[in-house]
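# Secondary and tertiary structure notes
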Amino acid sequence: MGKVNTVLGPIASEDLGITAMHEHIGFGLPGCDLDTQWWKKPEEAFDVTIQKLRRFREHDGKTFVDCTGIGNGRDIEYFQVLSRRTGVNIVAVTGFVAGDSALPYFRNKTVEYLTNLFIHEITVGIDGTSAKAGAVKVGVSREGLSELDQRIYRAAARAAVKTGVPIITHLSTEPELAIDIFESEGLPLNRVLMGHADVGQDADEERDKMIASRGGYVGFDTIGYDKEMENAPYWSRPRQDRVKHFLSFLEKGFLERAVISADANCCALGWPGLKGHSVNYLFEEFIPDLRKAGVAEDVFEQLLVRTPANFLTMQEPSLKANPLSNNDIGCVPIIKS
Amino acid sequence: MVEHVEHRSGLVRTVLGLVPAQELGVVLIHESLLSVMPGAEYAPEIDMDKSKIFDILHRKLTGFRRSGGNTIVDHRGMFHGRDVKLYETLSKTTGVHIIASTGLGPERMLSGYFTTPQTHPPTPWPAEQFAGLFIKEVMEGIVVPRVERSGPAGIVTSIATQSGIVQIEENLFRGCAQTGMATGVPVSLQYGANALKDLEMVLSEGIEPHRVIIGGLDRLDAVKRKEAFAVAERGAYVALDHVGWSTREGYIDDRERARLIAELFEKGLGERVLISTNAVGCAKGHETKDIDFNYLLVQFVPILLQAGVLNEEIRILLEENPQRVLAVDAPATVKRETAAGSKQK
């Protein structure tokens, strides 16, 4: 079928297996490393991370997409060791979680600079290693889709067109503006996962439908941030609300546009994380919830294996892509009703 | 005079530990050693070869030492490339005392952890939270991020946006003042649009004026408003810290700077004046003024003499004043260290 970049080199798409599409080995806002309140003993951090990844393997999980952008704790050599020691494929991303977590050096850069930066990390390597990024991360700042966010979206679209990797977004706020940018750069929406569509404060079924109808993927990928959990962060939501939201999306015939993931930290860097939460929530809580609601087994194969492989497989690079034309190729509906 | 005696016996926190103030010799109080725009270390086009960085800084510090310099204060704070382990090695190998700073700013150099925390709404850090971070760097040691604490910070610094101080910078300035009061280290601030106003805001925290340094007072706008005189009369230190810079860059030139210094001495304010060059030893990811650490001693001192500044006054500028301000305020030190010591047990 094709290939996907992992931190230990490219692998065949067929080899991805059960894939968690939006996870973190460890995420922290830039600057958090200066504050000792978050420091953990490295041997303990390693231990807890290995335990979670090993459990992921026990659930037959095979590929872990780490969506930590530049400067947010992305640590390629560490990912390589974790991957070697657990057998879990780890896909790293280039890009930024959002404009407001881009460090000062990158904030005033042009679209051209950012495009080349992302392409470098996809085709040459990240942080001086030969490990290449398998996707581009972009996202919405706390104040909304800022001018810097939009520059990053545009650069990501150009890099995606040129290299064939997909884009994963943090939040789906202001989707029309985001989609306009992708399409104006000639990137089909089936190369974009509009993420965190399931966060409590931002849920919008009409928006989900609009994205899926135009071929985009909709991320139910903060699964497990349940209001019922102790010290749940502001983006959490009642557990059953999320389940209902997801079932409603499937009922509209959008199974092939749906992505599930937990956005969990194996070991959080600059915040407490959510105690007891991990990628394994998907297998231990969410899928059982769906089973109880009568969802058939073959749906899980689609969600966890086929869709991630379709999405992550690198497309033929269109090195001569013209950003000013081909608006229409972005809008081909790929919905199966 | 009593004050002088006290401070002469004071101690200064260098990266290699406590040093008696009078052993600091000639001091440059506002300089940068390694200066990395936050994030540049992740950019593929930036060469972060540490052996090259060491060579550059070693050469420049040796040049400074040969010209008669003894001490350099790195005033770029905790998030602009500061590498305290490198500074320890440089200090050991060149014999130059290095004082490292804690602190953050200006706003455009802050990062998401401070400006948009993971709370709803994302309220930027208040002064007390910044103070908590900075105080620990003085009392417990400078952080080597996510690895260890090292030697102590000897000064707390911040910078305001030149078009005018913004809210989070006001929080930073107040946090610096709180740090100065809690630890006894001096507070060094680059003012925004109005030096005296920024100083009054900081003094409203209760810090003594003689523990505060206002930098950038050789900026054209500050000189026009005669802010150096007002700040010195208020009892704070005046840093004319862009020696070697000129009108093209927004500062008065060296001849005018020398005249300003002579005038400050004439008005009896000489004991509140500090001079430095705001040079960057090794810059990564940003443009910088090309000026060596020995410029002040080699080029500017003759200009001062020409302007009629006496040798004794030059000694006050380069030795006595910085030594006095860098000496940690003794009572605060004792109090805090006792508290910290008992906590560790």
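This text goes with the structure placed above it.
Summarised in this report is the structure supplied together with it. Just so we're clear, the structure is a prediction, and the values are computed from it rather than from any experiment.

## Points about the interface of chain B and chain A
At the interface, 36 residues of chain B touch 30 residues of chain A. When the two sides are added together, the surface that chain B and chain A hide from each other amounts to roughly 2800 Å², 63% of it contributed by carbon and sulfur. In this structure, A:Asp33 and B:Arg146 form a salt bridge, with 3.1 Å as the shortest nitrogen-oxygen distance. The tally of links between chain B and chain A comes to 13 residue pairs in polar contact (both at pLDDT 80 or more). Of all the secondary structure elements, the ones that give two or more residues to the side of chain B that touches chain A are helix H4 (112-115), helix H5 (127-139), strand S6 (143-144) and strand S7 (148-149) of chain B. No other element matches H4(B), which puts three residues into the side of chain B that touches chain A. Taken together, the residues of the side of chain B that touches chain A sort by class into 22 nonpolar, eight polar and six charged.

## Re the pairing of strand S9 (residues 217-220) of chain A
Residue and element names in this part refer to chain A. Along S9, one buried face is formed by Tyr217 and Gly219 and the opposite face, lined by Val218 and Phe220, is buried too. Relative to S9, strand S8 (residues 192-194) runs parallel, the two being bridged by two bridges. Considered in S9, the bridge of Leu193 is made with Tyr217. Between S8 and its parallel partner S9, the chain crosses via helix H7 (residues 205-213), and the hand of that crossover is right-handed. Where S9 lies against strand S10 (residues 258-260), three bridges are found, and the strand directions are parallel. Within the sheet, the bridge partner assigned to Val218 lies in S10 and is Ala258. The parallel pair S9 and S10, bridged by helix H8 (residues 239-251), forms a crossover whose chirality is right-handed.

## A few points about the sheet that holds strand S12 (residues 273-275) of chain B
All names here are of chain B. Sheet architecture is open: nine strands sit in the order S12-S11-S10-S9-S8-S5-S4-S3-S13, paired in parallel fashion. Each edge of the open sheet is held by one strand with a lone partner, namely S12 and strand S13 (280-284). The average angle at which neighbouring strand axes cross in this sheet is 30 degrees, direction not considered. Sheet topology note: the strand S5 (residues 97-104)/strand S8 (residues 155-159) ladder contains four bridges and is parallel. When the bridges of S8 are listed, Leu104 appears paired with Ser158. Across the face of the sheet, helix H7 (residues 195-203) comes into contact with strand S9 (187-190) and strand S10 (212-215) while running at roughly 155 degrees to S10. Strands in contact with helix H12 (residues 311-326) are strand S3 (27-36), strand S4 (71-74), S5, S8, S10, strand S11 (237-240) and S12; relative to S12, the strand with the most contacts, it is inclined by about 110 degrees.

## Here we look at the environment of A:Val243
Residues and elements named next belong to chain A. Along the polypeptide, Val243 turns up in helix H8. On the basis of relative accessibility, which here comes to 4%, the residue Val243 falls in the buried class. Through-space distance from the C-alpha of Val243 to that of Ile168 is 22 Å; in sequence the pair is 75 residues apart. Filtering out sequence-adjacent residues up to four positions away, Val243 remains in contact with Phe286, Asp289 and Leu290.

## A few points about the environment of B:Ile165
All names here are of chain B. Secondary-structure assignment places Ile165 in the loop between S8 and helix H6 (167-183). The exposure class assigned to Ile165 is partly exposed, which follows from its relative accessible area of 26%. For the pair formed by Ile165 and Tyr191, sequence separation is 26 residues and the distance between their alpha carbons is 7.5 Å. Setting aside residues up to four positions removed in sequence, Ile165 forms contacts with Ala160, Glu170, Phe173, Gly192, Ala193, Asp198 and Met201.

## A look at the layout of surface pockets
Empty space within the largest pocket amounts to approximately 1400 Å³. Taken together, 45 residues make up the lining of the largest pocket; nearest its centre are A:Asp33, B:Glu41, B:Tyr42, B:Met48 and B:Pro145. Listed by contribution, the elements that provide at least two residues to the lining of the largest pocket are helix H4 (111-123) of chain A together with S3, helix H2 (50-66), helix H3 (84-94) and S6 of chain B. A per-element tally of the lining of the largest pocket places H3(B) first, with three residues.

## A short note on H5(B)
Residue and element names in this part refer to chain B. In a regular helix each residue adds 1.5 Å, so 13 residues correspond to 18 Å; H5 covers 18 Å between its end C-alpha atoms and thus fits that length. Restricting attention to buried positions, one finds in H5 the residues Ala127, Phe130, Ala131, Leu133, Phe134, Ile135, Glu137, Val138 and Met139. Two residues or fewer after H5 comes Gly141, characterised by a positive phi angle close to 120 degrees.

## Some remarks on empty space enclosed by the protein
Left-over empty space is what a probe sized like a water molecule reveals as it rolls over the atoms. Residues and elements named next belong to chain B. Summed over the entire model, instances satisfying the criterion amount to three cavities of 30 Å³ or more. As for the second largest cavity, its lining consists of Arg76, Gly77, Met78, Phe79, His80, Gly103, Leu104, Gly105 and Met109. Broken down by class, the residue content of the lining of the second largest cavity amounts to four nonpolar, four polar and one charged.

## Points about the sheet that holds S9(A)
Residue and element names in this part refer to chain A. Ordered in space as S3-S4-S5-S6-S7-S8-S9-S10, the eight strands form an open sheet in which the pairing is parallel. Each edge of the open sheet is held by one strand with a lone partner, namely strand S3 (18-23) and S10. On average, adjacent strands in this sheet sit at an angle of 30 degrees to one another, irrespective of strand direction. Across four bridges, the pairing between strand S4 (residues 61-66) and strand S5 (residues 89-95) is parallel. In the sheet register, Asp66 faces S5, and the bridge partner there is Ala92. Against the sheet, helix H2 (residues 76-86) engages S4 and S5, with an angle of about 165 degrees to S5.

The rules behind each value
Residues numbered from 1 in each chain as written. Chains lettered and ligands numbered in written order. Predicted model: local features only at pLDDT ≥ 70, side-chain atom pairs only at ≥ 80, totals over all residues. Heavy atoms only, no water. Contact = heavy atoms within 4.5 Å. Buried area = accessible area lost by both parts, 1.4 Å probe. Salt bridge = Lys/Arg side-chain N within 4 Å of Asp/Glu carboxyl O. Polar contact = N/O pair within 3.5 Å; in protein donor to acceptor, adjacent residues only side chain to side chain. Helix = DSSP H or I, 4+ residues; strand = E, 2+ residues; numbered from the N terminus. Nonpolar A, V, L, I, M, F, W, Y, C, P; charged D, E, K, R; others polar. Buried < 20%, exposed > 50% of the residue type's maximum accessible area, 1.4 Å probe, protein only. Pairing = 2+ DSSP bridges. Right-handed = clockwise from strand over helix to strand, strands pointing away. Axes fitted to C-alpha atoms, helices over the stretch in contact; angles between N-to-C directions. 1 Å grid on protein atoms, 1.4 Å probe; cavity = no way out; pocket = protein on both sides within 12 Å on 5 of 7 lines; lining within 4 Å. Points joined across faces, edges and corners; volume = space filled by probe spheres on them. Expected span 1.5 Å × (residues − 1).

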